Amino acid sequence: MALATCIGLGVAGCGSDDSSSTSSEASSSQSSSTTSSTGAGKANTAEVVAAANAFLKTLSDDEKDTALYDFDDEAKAKGWSNFPISLAARNGIQFADLDDDQKAAALKVMEAALSEQGYKELEDIRIADEYLSEVGSSGSGGGPGGGDDYGADKYYLALFGEPSETEQFTVQFNGHHAGYNITYYKDDVSLSPTLTAIEPSKFETDGTSYAPLQDKRDTTIAAIGSLSDSELEKAEIDGSFDDLLLGPGKDGPFPDPEGVVVGDLSEKQQDKVTAMIRTWVDDLDEEAAEALIAKYVSEYDETYLGWSGATTIDNKETYVRVDGPSVWIEFSNQGGIVVDGVHQHTIFRDQTADYGWS
């Protein structure tokens with residue numbers, strides 16, 4: 001399928017090799033029986049509910065049974081992964097099993113849930129996955145892996161809980177290089193946990209150049225690069241990390257904080273940390289993102305910036321972390337799988353709202 005056709009039809013997909021995901025117990029925050037939100041408000045919940053219900057209306061009864069789960073179903077935490085699709089089952093309904101109208105409706109859910117920036121990032125990741133499928137299948141990628149686990153249809157959409165403006169529900173969208181768990185409760189929204197990844201970092205296809213996650217790369221390196229030599233020494237995290245510590249299937253416990261306290265840094269340095277956090281939070285609808293950013297900045301006296309391995313963008317050992325009372329971000333480089341070079345994984349979590357609130 002040509003890339004332009006893939007995007008025009010609204011299909012999605014992914015696949016690769018990864019060693020970070022293992023099954024885990026469902027997060028204790030999934031219970032909706034005594035909901036007490038810690039969100040910051042301003043979510044566009046009604047818009048997402050409308051898009052989700054429109055998608056459900058395109059499905060047959062059997063398809064709806066596949067796509068819709070109880071909010072508290074333990075599959076929510078266990079059934080998403082960054083393993084190749086062939087190695088790890090996903091929750092929900094696969095794009096390959098939907099017709100063009102259903103695929104378009106499914107992506108309208110993500111378009112409503114994400115900002116313009118966030119949705120473009122998702123589109124660019126899908127284009128990258130199709131690119132990997134093509135170069136991997138042809139054997140021209142230069143890396144150790146193949147392309148059979150990549151493709152435009154290898155994504156799944158699941159809904160946990162009936163879409164509602166008054167009760168919790170989660171939109172889960174997952175393949176390999178992108179996994180979103182976006183939970184709504186009234187006017188609050190959580191983007192936690194969400195994985196975004198890319199291989200290769202930059203590429204050209206059909207005469208167009210792409211660089212997905214470029215904003216995340218630039219701001220992460222700028223934040224850690226703003227530290228003085230003494231601050232950099234203090235910020236170094238014990239141990240080495242060849243992947244995400246708290247990726248899919250590894251929902252906790254969160255470790256003791258390590259690094260430098262962001263609140264102790266200069267205003268200019270703090271601005272760079274804020275810019276870094278923004279590139280994840282701004283994937284959400286704009287008003288909700290602004291409210292969450294304000295919440296995370298208010299916690300800088302208890303938020304830490306740390307690193308391990310290296311601090312340059314092209315080093316396969318570079319690992320950077322932000323750890324606050326709420327916000328948790330990991331940026332982890334590793335070697336390429338299909339394409340020779342650097343393969344990047346990132347995870348965003350809100351420690352007070354993982355998979356929702358309880």
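The structure presented is a predicted model; accordingly, all values stated were derived computationally and were not measured.

## Things to note about the overall build of the chain
Within the chain one finds 10 helices and 14 strands. Out of the 358 residues belonging to the chain, those deemed buried represent 59%. A separation threshold of at least 6 residues defines the contact pool for the chain, and within that pool the share at least 24 residues apart is 72%. Surface summary for the chain: the accessible area is close to 13500 Å², and the carbon and sulfur share equals 46%.

## A few points about helix α5 (residues 100-113)
Helix length check: α5 (14 residues) gives 20 Å between terminal C-alpha atoms against 20 Å at 1.5 Å per residue, within 8%. Listing the buried residues of α5 in full gives Q102, K103, A105, A106, L107, V109, M110, A112 and A113. Between the side-chain oxygen at the start of α5 and the backbone nitrogen of D101 there is a gap of 3.1 Å, and the oxygen is on D99.

## Quick word on the pattern of salt bridges
Counted by the stated rule, this structure contains 12 salt bridges. A salt bridge links K216 to E121, with the nearest nitrogen and oxygen atoms 2.8 Å apart. Pair noted here: K216 is in helix α7 (residues 214-225) and E121 is in helix α6 (residues 116-138), with a separation of 95 residues, a long-range link. When its relative accessible area of 6% is taken as the criterion, E121 is described as buried. Among the charged side chains, a salt-bridge network with shared partners connects E121, K216 and D283.

## So, the nonpolar core
Counting residues in each nonpolar core, the largest one holds 76 residues, and the members touching the most others are F55, I182 and I277. Looking at which element gives the most residues to this core, the answer is α6, with 8 residues. In this structure, A77, W80, I347 and Y355 belong to the second largest nonpolar core, which totals 9 residues.

## Side note on the pairing of strand β13 (residues 327-335)
With 8 of its 9 residues buried, β13 lies for the most part within the structure. Note that strand β12 (residues 318-323) and β13 share 5 bridges and pair antiparallel. Residue V322 lies in a different strand from β13, and its bridge partner there is I329. Counting the residues that bridge the hairpin from β12 to β13 gives 3 residues. Judged from the 9 bridges that link them, β13 and strand β14 (residues 342-350) form a sheet pairing that is antiparallel. By the bridge assignment for β14, Q334 is matched with H343. Linkage of β13 to β14, two consecutive antiparallel strands, is achieved through a turn of 6 residues, within which G341 is found at a positive phi near 135°.

## Observations concerning the side chain of S201
With respect to the element layout, S201 can be found in the loop between β7 (194-198) and β8 (203-205). Every residue in contact with S201, bar those within four places of it in the chain, is listed here: Y210, A211, P212, R217, V342 and Q344.

## Overview of unusual backbone geometry
Residue S192 is joined to P193 through a cis peptide bond whose omega torsion reads -5°. Structurally, the position occupied by P193 is in the loop between β6 (188-190) and β7. For the bond from E199 to P200, the omega torsion is -10°, close enough to zero to count as cis. You can see P200 is positioned in the loop between β7 and β8. Here K42, not a glycine, exhibits a phi torsion of approximately 70°, which is positive. Not every positive phi belongs to a glycine, and L213 is a case in point at roughly 70°. In this fold, L213 is placed in the loop between β9 (208-210) and α7.

## Remarks on the confidence of the model for the chain
In the predicted model, the chain carries a mean pLDDT of 88, and 87% of its residues have values of at least 70. Confidence over residues 1-33 falls short of pLDDT 50; this stretch has 128 contacts with residues more than four positions distant or in other chains.

Quick notes on the rules
Residues numbered from 1 in each chain as written. Predicted model: local features only at pLDDT ≥ 70, side-chain atom pairs only at ≥ 80, totals over all residues. Heavy atoms only, no water. Helix = DSSP H or I, 4+ residues; strand = E, 2+ residues; numbered from the N terminus. Buried < 20%, exposed > 50% of the residue type's maximum accessible area, 1.4 Å probe, protein only. Contact = heavy atoms within 4.5 Å. Areas by Shrake-Rupley, 256 points an atom, 1.4 Å probe, with all protein chains shown as cover. Expected span 1.5 Å × (residues − 1). Polar contact = N/O pair within 3.5 Å; in protein donor to acceptor, adjacent residues only side chain to side chain. Salt bridge = Lys/Arg side-chain N within 4 Å of Asp/Glu carboxyl O. Core = buried A, V, L, I, M, F, W, Y, C linked by side-chain atoms within 4.5 Å. Pairing = 2+ DSSP bridges. pLDDT = per-residue confidence, 0-100.

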